[in-house]
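Examining the three-dimensional arrangement
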Amino acid sequence: MSAVSDRLPAFPWDKLTPFKATAAAHPDGIVDLSVGTPVDPVPELIQKALVDAADSPGYPTVWGTPELRDAITGWVERRLGARDVTHRHVLPIVGSKELVAWLPTQLGLGPGDRVAYPRLAYPTYEVGARLARAEYEVYDDPTELDPEGLRLLWLNSPSNPTGKVLSKADLTRIVAWAREHGILLFSDECYLELGWEADPVSVLHPDVNGGSYDGIVSVHSLSKRSNLAGYRAAFLAGDPAVLSPLLEIRKHGGMMTSAPTQAAVVAALGDDDHVRVQRERYASRRALLREALLSHGFRIEHSEASLYLWATRGESCWDTVAHLAERGILVAPGDFYGSAGAEFVRVALTATDERIAAAVRRL
């Protein structure tokens, strides 16, 4: 076991513990804006679907029920503009983080193979490469990478942590470059329905991929758009030639979404109203926090989408974390996401209206 764990970096969130204690000591309590975990209720129609499917004594299937696959294909076409999506083009997964962490291993990557991801990025992309013993590197523009030995290219738009959105033109250019060099492209689009100052586009859109899904797969999650982080509900959509062997591997590994969760996902993907309501909540919180941070002397970069504000005071991110902790506000230091974030903090919108209002007063 130590041989596996020794491949991994230190778990970054442990470093926040003393700052969390400082923030928690505030007379009015902590406002925790560090982790993007939903706090609002799971919509009732989704809870009802889960309860109605609670009597599920048999094993679920890894590929999911036909109803689940219908729901995913329907949503991908309705929401992302994809065309001619069949059951072969989709695959349910047990939350997106497990997929990111284990994808290089499931693809058979190893020493000598390269995995690339954005310079500022979710740390699990690196973890996945480390688990597979593959090499890893970061980029500003992936088309400037050496394609030799590059087996897996991660895109993340909207970005976690920055909220940056890749334009349709950039996506089209990157997809074409990856195909030219035979590089498998996975696009993490888990925040796609949370665009504020930009309208995020999927790699599944025909304007981006030319009507072909060859060599591309998109990753989607219901954690943020439907408050289902506790359900571990997500899915892949894209190239059947990639998804089919992944399905076989995941069958052998028993990586299946529970039957009640599958029923809940069907309900969630079939209803757009609860997504609109949740977007409105986040939009209101974002506007209040953004103005408060600006008035407090912060500069905000990107942040045109997703659930975060990428903010800086032009100092070490840890100095900023300490400054805010003294005011009872906990945020994530930017260097958790790469050295390029050394002077930034990530401020999550995932707190109740009451806690957001408390943070605004303190700022």
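Above this text you will find the structure in question.
Residues numbered from 1 in each chain as written. Predicted model: local features only at pLDDT ≥ 70, side-chain atom pairs only at ≥ 80, totals over all residues. Heavy atoms only, no water.

Topic: the side chain of R225
Considering the arrangement of structural elements, one finds R225 in the loop between β7 (216-221) and β8 (234-238). A polar contact is formed between the side chain of R225 and the side chain of E193, at a distance of 2.7 Å. Side chain to side chain, R225 and S226 meet in a polar contact 2.8 Å long. Excluding residues that lie within four positions of it along the chain, R225 makes contacts with W75, E193, A268, L269, H274, V275 and Q278. (Helix = DSSP H or I, 4+ residues; strand = E, 2+ residues; numbered from the N terminus. Polar contact = N/O pair within 3.5 Å; in protein donor to acceptor, adjacent residues only side chain to side chain. Contact = heavy atoms within 4.5 Å.)

Overview of the sheet that holds β7
As summarised here, the arrangement of the seven strands in space is β2-β8-β7-β6-β5-β3-β4, forming an open sheet in which the pairing is mixed. What marks the edges here is a single partner per strand, and that holds for β2 (90-93) and β4 (135-139). Averaged over neighbouring strand pairs, the angle between their axes works out to 20 degrees when direction is ignored. As judged from the five bridges shared by strand β5 (residues 150-156) and strand β6 (residues 184-188), these two strands associate in the parallel manner. (Pairing = 2+ DSSP bridges. Axes fitted to C-alpha atoms, helices over the stretch in contact; angles between N-to-C directions.)

Quick look at the packing of aromatic side chains
Aromatic ring pairs: the centre-centre distance and the angle between the two ring planes describe each pair. With the rule as written, the count across this model stands at 12 aromatic pairs. Look at W318 and F336: their rings are 5.9 Å apart centre to centre, the planes differ by 65 degrees, and that puts the pair in the edge-to-face class. Of this pair, W318 sits in helix α12 (residues 317-325) while F336 sits in the loop between β12 (332-333) and β13 (345-348), and the two are 18 residues apart along the sequence. In terms of burial, W318 and F336 fall into one category: buried. Joined through ring pairs, the aromatic side chains of W13, F19, W310, W318, F336, Y337 and F344 make up one cluster. If you follow R313 out to its NZ or CZ, it ends over the ring of F298, 5.9 Å from the centre. (Phe/Tyr/Trp six-rings, centres within 6.5 Å; stacked < 30°, edge-to-face > 60°. Buried < 20%, exposed > 50% of the residue type's maximum accessible area, 1.4 Å probe, protein only. Lys NZ or Arg CZ within 6 Å of the ring centre and 35° of its normal.)

Thoughts on the environment of R69
Structurally, the position occupied by R69 is in helix α4 (residues 66-80). Put simply, R69 and P142 are 73 residues apart on the chain and 32 Å apart in space, counted from C-alpha to C-alpha. Excluding residues that lie within four positions of it along the chain, R69 makes contacts with W63, G64, H87 and V90.

Some details on the packing of helix α5 (residues 96-106) against helix α9 (residues 240-253)
Packing of α5 against α9 leaves a shortest axis separation of 12 Å and a crossing angle of 105 degrees. Taken as axis vectors, α5 and α9 run roughly perpendicular relative to one another. Between α5, through E98, L99, L103 and Q106, and α9, the contact on the second element is made entirely by L246, I249 and R250. Counted by class, the contact of α5 with α9 contains four nonpolar, one polar and two charged residues. (Parallel < 35°, antiparallel > 145°, perpendicular 65-115°, else oblique. Nonpolar A, V, L, I, M, F, W, Y, C, P; charged D, E, K, R; others polar.)

Remarks on the sheet that holds β13
Strand pairing in a sheet relies on backbone hydrogen bonds, with the paired strands running either antiparallel or parallel. Spatially, the four strands line up as an open sheet ordered β9-β10-β13-β12, and their pairing is antiparallel. Two strands in the sheet have a free side with no partner beyond their single neighbour: β9 (299-301) and β12. The pairing of β12 with β13 spans two bridges and is antiparallel. Bridging across to β13, A332 finds its partner in R346.

Quick notes on the nonpolar core
The biggest cluster of nonpolar side chains holds 68 residues, and the ones touching the most others in it are L33, W154, F186 and L236. With five residues, the single largest contributor to this core is α12. In terms of nonpolar packing, the next biggest core, distinct from the first, is built from 42 residues, A116, L166, W177 and Y213 among them. (Core = buried A, V, L, I, M, F, W, Y, C linked by side-chain atoms within 4.5 Å.)

Here's the deal with unusual backbone geometry
In this chain, S157 is followed by P158 through a cis amide linkage whose omega measures -5 degrees. Phi angles above zero are rare outside glycine, and R232 is one such case at about 55 degrees. Residue position: R232 is located in the loop between β7 and β8.

Some remarks on α9
The end-to-end C-alpha separation of α9 is 19 Å, in line with the 20 Å expected for 14 residues at 1.5 Å each. Three or more residues of α9 are buried, namely P240, V242, L243, L246, L247 and R250. When α9 is viewed along its axis, its buried side chains cluster within an angular range of 140 degrees and face the same direction. In α9, those exposed residues whose orientation departs by more than 90 degrees from the buried face are A241 and H252. On its buried face, α9 is in contact with β2, α5, β6, β7 and β8. N-cap assignment for α9: the residue whose side-chain oxygen lies 2.9 Å from the backbone N of A241 is D239. Among the residues trailing α9, G254 stands out with phi positive, at a value near 65 degrees. (Expected span 1.5 Å × (residues − 1). Arc of directions from axis to C-beta.)

Remarks on the side chain of S34
Relative to the assigned elements, S34 resides in the loop between β1 (31-32) and α3 (44-52). Reaching out from S34, the side chain makes a polar contact with the side chain of D32 at a distance of 2.5 Å. Setting aside its immediate chain neighbours within four residues, S34 contacts W13, L16, L330, V331, A332 and R346.

Considerations on the environment of G210
With respect to the helices and strands, G210 occurs in the loop between α8 (206-209) and β7. For G210, a relative accessible area of 69% corresponds to the exposed category. With 34 residues separating them in the primary sequence, G210 and A176 have C-alpha atoms 9.4 Å apart.

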